[in-house]
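What follows is the residue order along each chain.
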Amino acid sequence: MIRKEAGLAFWLDWVAHRGGLWEDAGDTALALLPATLASELELPEETAVTADPDVARDDGALLLVTGHPVVAKAAESVLAAGDTGTLTLAAPRSVPPDAATLLSKAREYLPVDHGRLDPRDDATPERALRPVLRVGALVGYELSVEDHFQEQVEVFVDVPSRLRVPAGVSERLARTGHDPRAQVALPVGLAAAVDYASTSRPDLAAALAEAHRMLEAAAELRREALAGQIGDAYAKERTRAEEYYAAAVDSLERRVATAPEDRAALLRARIESTREERARRLAEIAEKYRARHTLTPYRLHLLRVPVLRLALDVRRGERRYPLDLDWLLPAGEFAPLRCPACARSSAQLVAAKTHLGCDRCLTPKRPTPHPAPESVPPPRDGAGAHAAVSAERAAAPVRAGATIAVGPSSARNAEAAGGAAPRSRGEAKGGRIAEASAARAASGRPAAPGHAQSPPQRRSVDPQTLQKRAFAFWEHAAGGDRRKLERLCAPDSPAAALLRLYGAAGPLYGIGVGSRERVESCSAAVFPAEGRRGWDSAGGEVHTDRGRHDYLLRWSLGPDRLIAEVLPHRTPFAMNAGTMMARYRSGGTELATRLPRTAAELDPVAHLLWQRTPARHGAHLAARALASWWRLAAPQALRERYPAAVLAAAAERSACYWSGVGGGGYGDAALLWQVPETDLRKAGTHLQRLLTLTQDQPW
């Protein structure tokens, strides 16, 4: 009963650690303190403590709760001493998996493109110890002169790969007890323990530096989030100050207009001093609300985790590339793995002809896309053959089954081909004009004088091909096949950004499908490109066990015709209407389904974009902003020059501006993100110079 209050429980444990004793007496506890400790705390050697105010008042016991000076002094002594050491975790008592089971789990955990995982010369799994760093720190946040916060953060870093251990694995490692037999045989001293754990000093130093970077990044993101909560107070105080000095200057200027010359000179001097005082006051307000944080490390544990080491070979034909995987026995999962070629994380391995790498360092360079050839709409005679497949109804299952719908453009072409419905006079006239334009283009004769040339048209892909690709896209998304989805999506596009965030489930989350919904079927309607800025697209509905969700797939303009965007609209007309309405809404569109947290490694700018932009403008515009940010060759140089919030605001503003939705002005973006407008303009100009965004490609 006495240990229910966290502060009192901590103090009793600290007393026992310092050589004291305590006895539970129900609502109170009798603590026996050593003489040195009693003198340090200025307490009697026999002290009755409690966490109940009524008991403290009636029995005269010392009330110890979180925040009491005695508890705070104990916490300060623990933080000053630190918590360092080496700990060997105990292996579970259950029977470990055999070699065949581990091989099956390894193939499921680590699929290799163009290769296969095979055991190396019938090698059996060997027991070993894998070093993992557990680093804890106390972060103090100073958001203003009055607002101060303090939080505890902790990170587990795998030493060989220098990658962060997933949250589920770190929780299981934290709950695992130590092996007392290993502690008896452990050498004395941290340096000897490091050598005993088969960990070199450079590896340990690199892992420790990576852990510090992770803690700093997490603290910076948390600081930005907390600072956003008091942004209203900063804006109100700054507005009050600006209104006060504006009124003072306005009053002085009116007096100058009617004052004699000698008096007017004094008033003008007062105006200058008032403006200088205004600048000083605004600087004081900005300094008052400037967010800061301090990182105080207090824990450094080197965990020696028992593992089963599986010696494998990645085979591609007769070629073999050695690869070792460690199965963490306390966690029941494989340890993190970096690419052996480029040392990047979270990338799929690829077995090349010369070495083993990942899909980032071995991705073949795509040829520069050639501009689409100029053409005119096809004549009526070829329209039927071109669009007949769009009017043909077929079934394409996505898990359970799907149906194909016919889009408006395809229906019009089909009617023109089959003659099912008579055309109006205006449609017949439009057809004759198209035929005449085609005939002039074929003969090479120039157009009649006085008539402007038509803008170049974009050639559409066969509608049947677009339908097949649309059904294949949702089939792979429903089946969780990320590899095939990446082959269908254009690199550095919003669709690729969704895959990077959530894997195969990214496109489903982008159109509002919940994490617990099961995809059953879909429908598709093809909308060929029309006009100079047209996009080949396919739209329809994705049917789940809980409802229906509209979607629109847009293909890129290059020769590969890869999917560039996944939008939550059913037709291009609905997308244009949504864009038009968004110009008159200050807050953007609200998501129907709350987006889950992503497990991808995001830098501070990307984290801010994905944290704030979807709720304001939708996931599709946030994906555009992320795609443009990830397209930068050297984002670290920008992050060193501008704050993360300024860069995120500039990326969101650029995406809004070139997409034609609301929130594309610098003033609105600065007010929304609570950043200086001058810095935002500089960062936005810098980003535009590097990205060269246009209306045709707003990412």
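Being a predicted model, the structure only gives us computed values, none of them experimental.

> What am I meant to see in the pattern of salt bridges here?
Where charged atoms from two side chains of opposite charge approach closely, those side chains can pair. Applying the stated criterion to the full structure yields 41 salt bridges. Linking Glu-541 and Arg-570 is a salt bridge whose minimum nitrogen-to-oxygen distance equals 3.2 Å. Pair noted here: Glu-541 is in strand S18 (residues 537-544) and Arg-570 is in the loop between strand S20 (563-567) and helix H19 (572-582), with a separation of 29 residues, a long-range link. What you see here is one network of salt bridges that share partners, running through Glu-146, Glu-237, Arg-281, Glu-284 and Lys-288.

> Teacher, can you tell me more about the environment of Ala-205 here?
Take Ala-205: it is sitting in helix H9 (residues 201-229). Owing to a relative accessible area of 47%, Ala-205 belongs among the partly exposed residues under this scheme. In the structure, Ala-205 is positioned 46 residues away from Val-159 in sequence and 9.1 Å away in space, judged by C-alpha atoms.

> Is there a simple way to think about the sheet that holds strand S1 (residues 21-24) in this case?
In any sheet, the strands associate via hydrogen bonds between backbone groups, in a parallel or an antiparallel arrangement. The mixed open sheet is built from four strands, whose spatial order is S1-S2-S3-S4. Only two strands of the sheet have a single neighbouring strand rather than two, namely S1 and strand S4 (62-63). As paired elements, S1 and strand S2 (residues 29-32) share four bridges and run antiparallel to each other. Its bridge partner being in S2, Glu-23 is matched across the sheet by Leu-30. Docked against the sheet, helix H1 (residues 6-17) engages S1, S2 and strand S3 (46-50), running at close to 155° with respect to S3.

> Any chance you could explain the packing of aromatic side chains here in plain terms?
The description of an aromatic ring pair uses the distance of the two centres, along with the angle that the planes make with each other. Under the definition given, this model contains nine aromatic pairs. The aromatic ring of Trp-630 is capped on one face by Arg-500, whose charged end is 3.9 Å from the ring centroid.

> It is not clear to me how a negative patch on the surface should be interpreted in this structure. Could you clarify?
A contiguous patch of negative charge on the surface is contributed by Asp-27, Asp-52, Asp-58 and Asp-59. When you line up the elements, Asp-27 lands in the loop between S1 and S2.

Conventions and cut-offs
Throughout, a residue's number is its position along its own chain's written sequence, starting from 1. In keeping with the model being predicted, local features are shown solely for residues with a pLDDT of at least 70 and side-chain atom pairs are shown and tallied solely at 80 or more, while totals for entire chains, interfaces and linings include all residues. With hydrogens and water set aside, each side-chain value is computed from the structure's full complement of heavy atoms. Put simply, a salt bridge is a Lys or Arg side-chain nitrogen that is within 4 Å of an Asp or Glu carboxyl oxygen. Secondary structure elements are taken from DSSP: a helix is a run of H or I of four residues or more, a strand is a run of E of two residues or more, and numbering for both begins at the N terminus. A 1.4 Å probe rolled over the protein chains alone gives each residue an accessible area, and that area as a share of the maximum for its type sets the label: buried under 20%, exposed over 50%, partly exposed in between. By this definition, two strands are paired if DSSP reports at least two bridges between them. Between two residues, a contact is recorded if the distance between any of their heavy atoms is within 4.5 Å. Angles shown run from 0 to 180 degrees and are taken between the N-to-C directions of axes, each axis being a line fitted to C-alpha atoms and, for helices, limited to the stretch in contact. Pairs were defined over the aromatic rings of Phe, Tyr and Trp, the Trp ring being its six-membered one, requiring ring centres within 6.5 Å. Orientation was assigned from the angle between planes: stacked under 30 degrees, edge-to-face over 60, tilted for the rest. For a ring to carry a charge above it, either NZ of a lysine or CZ of an arginine must fall within 6 Å of the ring centroid while also lying within 35 degrees of the normal to the ring plane. By definition, no residue in a patch forms a salt bridge, and every one has over 30% relative accessible area; like charges are joined within 9 Å, nonpolar side chains (Val, Leu, Ile, Met, Phe, Trp, Tyr) within 5 Å. Note on areas: Shrake-Rupley with a 1.4 Å probe; residue coverage comes only from the protein chains shown. Think of it this way: Lys and Arg go in the positive column, Asp and Glu in the negative one, and His and the chain ends go nowhere. For charged residues, the charge sits on one atom: NZ in Lys, CZ in Arg, CG in Asp, CD in Glu.

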